[in-house]
Amino acid sequence: RFVGALLLSMLVFALPTTVRANDAESVRVANPTLVMTPAQSWSLEADVSVALSAPLIDAVKRGVPLHFVAEFELLRHRWYWFDEKLASHSRVVRLMYHAVTQHYWVTVGGGHPQTYPQLEQALLAATQLRDWDLPESVDSVLVAHAKELKKTPERFELRLRVRLDTAQLPKPLQMNALTNRDWN
């Protein structure tokens, strides 16, 4: 259905298993958690590890920014029709190398970049979903369906997908990304 998606039950707050995104195991998602914050809003957390291929590492070290997209969907199963999409949200994280400072920069959304001296640290910061506050529209959907969720959690499905956004690559590399598996 949703390539590389992680399916969660709404009542399961932490899954002990790891889900692989593809055969190459380039993306792994573990310990997904949907929690209520003290401010009475919902937050999503997950441990995501990404293994970059040699061409991707080389591209980053040459200053090509990589954009990772985390996509969240909440569905309600219906026996008589397609599943109903109740809410969806996405987050973009940009990872790039700044040659002047010789540091890696990680920018979440339109925020200020955080700097890291090593690629491993920057990649970890770029792909870990921590305190991802879901928008009010998602909060209101979860509150509106809370009773139904508690009664029949099997009717709901939470999907989480993390991927490299190849459309954000420079145009010459987009063509390479279409034909080379190392860019997937």
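Residues take numbers from 1 onward in each chain, read along the sequence in its written order. Per-residue local features of the predicted model are confined to residues with pLDDT of at least 70, and side-chain atom pairs are confined, for both listing and counting, to 80 or more; whole-chain, interface and lining totals are unaffected and use all residues. Each side-chain value is worked out from all heavy atoms of the structure, with water and hydrogens disregarded.

## Topic: the pattern of salt bridges
Should their charged atoms come close, side chains of opposite charge can pair.
Alright, step 1. Salt bridges are identified by distance alone: a Lys or Arg side-chain nitrogen within 4 Å of an Asp or Glu carboxyl oxygen. Evaluation of the coordinates by the stated rule reveals 12 salt bridges.
Alright, step 2. As a salt-bridge pair, Arg62 and Asp58 come within 3.1 Å of each other at their nearest N and O atoms.
Alright, step 3. Buried residues are those whose accessible area, probed at 1.4 Å on protein chains only, stays under 20% of the maximum for their type, while exposed residues exceed 50% and partly exposed ones sit between those limits. On the basis of relative accessible area, Arg62 is assigned to the exposed category, the value being 65%.
Alright, step 4. For Asp58, a relative accessible area of 37% corresponds to the partly exposed category.
Alright, step 5. Between Glu157 and Arg159 there is a salt bridge whose closest N-O contact spans 2.7 Å.

## Topic: the environment of Arg76
Alright, step 1. Within the element layout of this structure, Arg76 appears in strand 5 (residues 66-76).
Alright, step 2. Arg76 gets classed as buried once you look at its relative accessible area, which sits at 15%.
Alright, step 3. Each C-alpha atom of the pair Arg76 and Leu158 lies 9.0 Å from the other, and the pair is 82 residues apart in sequence.
Alright, step 4. The residues contacting Arg76, other than those within four sequence positions of it, are Asp83, Glu84, Leu86, His145, Glu148, Arg155 and Phe156.
Alright, step 5. Any N or O atom pair separated by 3.5 Å or less is treated as a polar contact, with the protein-specific requirement of one donor-capable and one acceptor-capable atom, and with residues adjacent in sequence counted only for side-chain atom pairs. Of the polar contacts made by the side chain of Arg76, one reaches the side chain of Glu84; its length is 2.5 Å.
Alright, step 6. In this structure the side chain of Arg76 is engaged in a polar contact, spanning 2.9 Å, whose partner is the side chain of Glu148. Helix and strand labels come from DSSP, where a helix needs a run of H or I of at least four residues and a strand needs a run of E of at least two; each type is numbered from the N terminus. Working rule for contacts: check all heavy atoms of both residues, and any pair within 4.5 Å makes them a contact.

## Thoughts on the side chain of Ser43
Alright, step 1. Along the chain, Ser43 turns up in strand 4 (residues 42-50).
Alright, step 2. For Ser43, a relative accessible area of 2% translates into the label buried.
Alright, step 3. Here Trp132 takes part through its backbone nitrogen, which lies 3.5 Å from a polar atom of the side chain of Ser43.
Alright, step 4. Not counting the four nearest positions on each side in its chain, Ser43 is found in contact with Thr33, Leu34, Val35, Thr37, Asp131, Trp132 and Asp133.

## Quick notes on the side chain of His145
Alright, step 1. Here His145 lies in the loop between helix 3 (136-144) and helix 4 (146-151).
Alright, step 2. A relative accessible area of 16% places His145 in the buried class.
Alright, step 3. Not counting the four nearest positions on each side in its chain, His145 is found in contact with Arg76, Leu86 and Phe156.

## So, the packing of aromatic side chains
Alright, step 1. Aromatic rings from Phe, Tyr and Trp, with only the six-membered ring used for Trp, were paired whenever their centres fell within 6.5 Å, and each pair was classed as stacked if the ring planes differed by under 30 degrees, edge-to-face if by over 60, and tilted otherwise. Tallying each qualifying case throughout the model produces three aromatic pairs.
Alright, step 2. Taking the centre distance of 5.6 Å and the plane angle of 80° together, the rings of Trp79 and Tyr80 count as edge-to-face. An identical accessibility class is assigned to Trp79 and Tyr80; each is exposed.
Alright, step 3. An angle of 50° between the planes, with centres 4.8 Å apart, marks the rings of Tyr97 and Tyr104 as tilted. The pair Tyr97 / Tyr104 is uniform in exposure class, with both members buried.

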